[in-house]
Amino acid sequence: MNIDVLLEKTGLKKTYPRKIILGLFEDRDQFLSADDIAKVFQEAGHPVPLSTIYRILDQFVEKHLVSEVHIETAQVKLYERAHAHHAHHLICTECEKIIHVESCPVHDYESDLEDTHGFKVTHHTLNFYGLCEACQKAHA
C-alpha cells in the first residue's frame, strides 16, 4: 500500500521523517533499531534526532504499522513491519539472524488456559533461540 495512504488512513501527518521510516520497513522486510534508522538519515545528509525517531516508532506501534520485537539477546529495541498475522521468531545465537515464523502453535493452548484457569489471554510472545542452518554448517 502507498505510504501516503497508510499515513492518511491512520490519521498521522505525512512528514518527511514518517514517510522515510515507514518506507524503510516497507522496502526492507527486516528488523530495524532506532539507531539503524538514524544512520539512514545521517547517510542521506538529513540527520533526525533519536528522540524524534523513537516518538515516530511509538506512534507507528500504536497505529499497528510496525511492531516492537522483544528479543532477549538484543542490546536495543528492534522493530519490524507489522504483519497481518500473529507471528513468532527463530533467533540465531551465533550470527543474530532473526527468522520470522507466521505459524503459531499456542492458540489452542490459550483456549485451554482460559477454560481451565478462567484467565483471558490478551497476547503472547514466543521466540526460539538456537543456531541457523548456516551457523550449524560452520560448526560442523
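Parameters at a glance
- Numbers given to residues run from 1 along each chain, matching the order in which its sequence is written.
- It should be noted that, the model being predicted, local features are given only for residues of pLDDT at least 70 and side-chain atom pairs only at 80 or more, the latter also being counted only at that level, while totals for whole chains, interfaces and linings use all residues.
- The side-chain quantities take in all heavy atoms of the structure and omit both hydrogens and water.
- Fitted lines through C-alpha atoms give the axes, limited to the stretch in contact for helices. The angle between two N-to-C directions lies from 0 to 180 degrees.
- Secondary structure is summarised from DSSP: a helix means a run of H or I of at least four residues, a strand means a run of E of at least two, and numbering begins at the N terminus for each.
- In a left-handed crossing the near helix is turned counterclockwise from the far helix by less than a right angle, and in a right-handed crossing that turn is clockwise.
- Contacts are residue-level and defined by heavy atoms, with any inter-residue pair within 4.5 Å sufficient.
- Gly is placed with the polar residues, together with every amino acid not listed as nonpolar (Ala, Val, Leu, Ile, Met, Phe, Trp, Tyr, Cys and Pro) or charged (Asp, Glu, Lys and Arg).
- The buried label goes to any residue with under 20% of its type's maximum accessible area, the exposed label to any with over 50%, and the partly exposed label to all in between, with areas taken from a 1.4 Å probe on protein chains only.
- For every domain, the bounds stem from an assignment made automatically or drawn from a database.
- Once two parts are put together, the accessible area they lose, assessed with a 1.4 Å probe and summed over both, is termed the buried area.
- Whenever two N or O atoms come within 3.5 Å, that pair is a polar contact, provided that in protein one can donate a hydrogen and the other can accept it, and provided that, for residues adjacent in sequence, both atoms are side-chain atoms.
- Cavities and pockets were defined on a 1 Å grid built over protein atoms only: a cavity is a set of grid points that admits a 1.4 Å probe from which the probe cannot escape, a pocket is an open set flanked by protein on both sides within 12 Å along at least five of seven lines, and lining residues are those with an atom within 4 Å of any such point.
- Grid points are joined across faces, edges and corners, and a volume is the space filled by probe spheres set on the points.

### With respect to the packing of helix α2 (residues 16–27) against helix α4 (residues 50–62)
In a pair of packed helices, the angle between the axes and the distance between the axes together describe the arrangement.
At step 1: At a closest axis distance of 11 Å, the pairing of α2 and α4 adopts a crossing angle of 65 degrees. Every pair of crossing elements has a handedness; the one defined by α2 and α4 is right-handed. Residues Pro17, Arg18, Ile21, Leu22 and Phe25 of α2 lie in contact with α4, whose contacting residues are Ile53, Ile56, Leu57, Gln59 and Phe60.
At step 2: By residue class, the composition of the contact of α2 with α4 is eight nonpolar, one polar and one charged.

### Structural notes on unusual backbone geometry
At step 1: One non-glycine residue, His64, adopts positive backbone phi at about 65 degrees.
At step 2: Residue placement: His64 occurs in the loop between α4 and β1 (66–69).
At step 3: Residue classification places His64 among the exposed positions, given a relative accessible area of 64%.
At step 4: Backbone geometry places Glu96, a non-glycine residue, at a positive phi of 70 degrees.
At step 5: Mapped onto the elements of the fold, Glu96 is located in the loop between β3 (88–92) and β4 (98–101).

### What to know about the domain arrangement of the chain
At step 1: Each assigned domain of the chain is listed with its residue range as follows: domain 1 (1–82) and domain 2 (85–140).
At step 2: On a C-alpha basis, the centroid separation for the pair domain 1 and domain 2 is 24 Å.
At step 3: At the junction of the two partners, domain 1 supplies eight residues and domain 2 supplies six residues.
At step 4: Among the residues domain 1 hides against domain 2, the three largest losses belong to Phe31, Ile71 and Thr73. Together they make up 54% of the total.
At step 5: The interface formed by domain 1 and domain 2 includes two residue pairs in polar contact (both at pLDDT 80 or more).

### A word on the layout of surface pockets
One water molecule sets the probe size; rolling that probe over the atoms shows where empty space is left.
At step 1: Roughly 630 Å³ of internal volume is contained in the largest pocket.
At step 2: Lining the largest pocket are 25 residues, with Ser67, Glu68, His86, Ala87 and His124 sitting closest to its centre.
At step 3: Listing elements by their share of the lining of the largest pocket, those giving two or more residues are β1, β3 and α5 (107–117).
At step 4: With four residues, β1 is the largest single contributor of residues to the lining of the largest pocket.
At step 5: Grouping the constituent residues of the lining of the largest pocket by class yields seven nonpolar, 15 polar and three charged.
At step 6: If you count residues domain by domain, the lining of the largest pocket takes at least three from each of domain 1 (1–82) and domain 2 (85–140).
At step 7: Lining the second largest pocket, in full, are Ile71, Thr73, Ala74, Gln75, Val76, Leu78, Ile91, Glu96 and Ile98.
At step 8: Its residues assigned to classes, the lining of the second largest pocket comprises six nonpolar, two polar and one charged.
At step 9: Residue contributions to the lining of the second largest pocket reach at least three from each of two domains, namely domain 1 (1–82) and domain 2 (85–140).

### Focus: the environment of Glu133
At step 1: With respect to the helices and strands, the residue Glu133 is situated in helix α6 (residues 133–139).
At step 2: With a relative accessible area of 55%, Glu133 lands in the exposed category.
At step 3: A C-alpha to C-alpha distance of 25 Å links Glu133 and Val76, two positions 57 residues apart in sequence.

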